[in-house]
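# Structure at a glance
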Amino acid sequence: MHSRAVSDRWQELPSDARSPLWRLVDALITVRGAFGAVVPTRLSRVVALVPGLLLAASLVAGLGVLLWSSLHSYDSFLAVQGDLSLTQYTDLAADPQFHTVLTRSLTMAVLAPLVAVAIAIPYALTLTRVRRRWLRLALLIGVFVPLLTGDITRTFGLLVTIGPGGPLEWLTGLRLVGGLWGIGIGIVQILLPAAVIVLLPAVLRINPELSAAAATLGAKPHTVFLRITLPQLRVGIVAAFAACFALTMAAFADPAILGRGLNNFVSNFLQDRYLGLGNPAQGAAIGIALLLIVSLGTAVILVLGRARRRR
């Protein structure tokens, strides 16, 4: 109805007022109307899903190729793929360097999300409750602008701040670059916007009357926060922690730039094996292992959070 009305009004305009661009728009409206008249509604809904399904299929196909490659032996010297074998996984399981990298990644994937979510909770609460527009706008900019810059740009920006000759080192004398502290700060910086965005829906669903009633009955602010506000955010906190866990396990830029390659994570280890040693089959095995670890870890977090909610 709306498209037909727009088309009818457009046809009433003089022909000289129609630019080529608008003629194209008119043609698209006509095609859309004809398509809707010929194609059933259910089929049109399926057609709308095709782009998303194609993207998902391309991802599944890529993972399938990685899995197939990881199930073969590989001669790095001749760059020749061998027979079907579990050699890549058995070598990976027996590699002490991989054990060290995996332990480091898992430890950071637990600690960094805890810090990021702890910072994101008051940030999200303030963002939804502040009344001054300029302050709300500043908080929104603080969340969304880092997401638009990319991990590498943000990491190099942080390197200027905490790196050699930076203001932090000049004021405190601390040398964070090259160690786990620097990597952790960089990862928390990346996780914070994601944690805030995941928490926002839960924050918006908080019932303010419960907090007001508790305060009226004499509860102190910290009691209201711990006993009233946090329980209402439990679902959002679990979701934010799960998302941050997955992002941390896939961290690449921070260990490479802020860690100076001295404290690699699984993603950096994958790159070294794939490009440095020229063994794409083992790189594929590391990628599949990382996918399984992230999927299992995320599932465990969500299941534990759901079980805690039932209690």
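Residues numbered from 1 in each chain as written. Predicted model: local features only at pLDDT ≥ 70, side-chain atom pairs only at ≥ 80, totals over all residues. Heavy atoms only, no water.

Naming follows an unreviewed UniProt entry, where the protein chain appears as ABC-type spermidine/putrescine transport system, permease component I of Mycolicibacterium aurum. The UniProt entry for the protein chain carries the following comment under Subcellular location (unreviewed entry): "Cell membrane". Regarding the protein chain, the relevant UniProt record gives this comment under Sequence similarities (unreviewed entry): "Belongs to the binding-protein-dependent transport system permease family. CysTW subfamily." (UniProt positions renumbered as here; feature names shortened; annotations may be inferred.)

What follows covers helix 6 (residues 133-149). Between the first and last C-alpha of helix 6 there are 24 Å, a value that for 17 residues agrees with the 24 Å anticipated at 1.5 Å per step. Largest kink in helix 6: about 25°, centred on Gly142, with the proline Pro146 one to four residues after it. For helix 6, the full list of buried residues reads Leu139, Val143 and Pro146. Packing partners of the buried residues in helix 6 comprise helix 5 (96-129), helix 7 (151-162) and helix 9 (180-204). Gly150, located one to two residues past helix 6, shows a positive phi value of around 90°. (Helix = DSSP H or I, 4+ residues; strand = E, 2+ residues; numbered from the N terminus. Expected span 1.5 Å × (residues − 1). Bend = angle between axes of the 7 residues up to and from the residue. Buried < 20%, exposed > 50% of the residue type's maximum accessible area, 1.4 Å probe, protein only. Contact = heavy atoms within 4.5 Å.)

Notably, Arg260 is not glycine yet its phi reads approximately 55°, a positive angle. A residue is classified by how much of its surface remains accessible, and Arg260, at 47% relative accessible area, is partly exposed.

This part covers the packing of helix 6 against helix 9. Orientation of helix 6 relative to helix 9, taken along the N-to-C sense of each, is 125°, at an axis distance of 9 Å. Comparing the axis directions of helix 6 and helix 9 gives the class oblique. In this structure, helix 6 crosses over helix 9, and the sense of that crossing is left-handed. Contacts between helix 6 and helix 9 involve Val143, Phe144, Pro146 and Leu147 from the first element and Pro193, Val196 and Ile197 from the second. (Axes fitted to C-alpha atoms, helices over the stretch in contact; angles between N-to-C directions. Parallel < 35°, antiparallel > 145°, perpendicular 65-115°, else oblique. Left-handed = near helix turned anticlockwise from the far one by under 90°.)

Attention now moves to the environment of Ala251. Residue placement: Ala251 occurs in the loop between helix 12 (234-249) and helix 13 (253-257). Ala251 sits in the buried class, given a relative accessible area of 9%. Measuring from C-alpha to C-alpha, the distance between Ala251 and Ile183 comes to 9.7 Å, with 68 residues separating the pair along the chain.

Take the pattern of salt bridges next. Under the counting rule described, the total for this entry stands at 2 salt bridges. Measuring nitrogen to oxygen at the nearest pair gives 2.7 Å for the salt bridge that ties Asp95 to Arg273. With Asp95 in the loop between helix 4 (87-93) and helix 5 and Arg273 in helix 14 (residues 266-276), the pair connects residues that are 178 residues apart, well separated along the chain. With relative accessibility at 11%, the residue Arg273 sits in the buried group. (Salt bridge = Lys/Arg side-chain N within 4 Å of Asp/Glu carboxyl O.)

Per the UniProt entry, the sites bearing "transmembrane region" (unreviewed entry) are residues 46-68, 106-125, 137-160, 180-204, 235-253 and 284-305 in this numbering. Each end of residues 284-305 is marked by a C-alpha atom, and these two atoms are 32 Å apart; helix forms 100% of the span and strand 0%.

Where strand 1 (residues 72-75) lies against strand 2 (residues 80-84), 3 bridges are found, and the strand directions are antiparallel. By the bridge assignment, Asp75 is partnered in strand 2 with Val80. (Pairing = 2+ DSSP bridges.)

On the surface, Val110, Leu111, Leu114, Val115 and Ile119 cluster together to form a nonpolar patch covering roughly 410 Å² of accessible area. For Ile119, the location among the structural elements is in helix 5. According to the relative accessible area criterion, Ile119 is partly exposed, its value standing at 39%. (Patch = residues over 30% accessible without salt bridge, like charges linked within 9 Å, V, L, I, M, F, W, Y side chains within 5 Å. Areas by Shrake-Rupley, 256 points an atom, 1.4 Å probe, with all protein chains shown as cover.)

So, on to the nonpolar core. Counting 28 residues, the largest nonpolar core has Ile187 and Leu233 as the members making the most contacts within it. Elements with a minimum of two residues in this core: helix 5, helix 6, helix 9 and helix 12. The element contributing the most residues to this core is helix 9, with 10 residues. In this structure Ile187 touches Met108, Ala112, Thr248, Ala251, Asp254 and Phe265, once residues within four positions along its chain are discounted. In this structure, Leu92, Phe241, Ala242 and Phe245 belong to the second largest nonpolar core, which totals 17 residues. (Core = buried A, V, L, I, M, F, W, Y, C linked by side-chain atoms within 4.5 Å.)

Its location among the elements puts Asn263 in the loop between helix 13 and helix 14. From its side chain, Asn263 meets the backbone oxygen of Gly178 in a polar contact 3.1 Å long. (Polar contact = N/O pair within 3.5 Å; in protein donor to acceptor, adjacent residues only side chain to side chain.)

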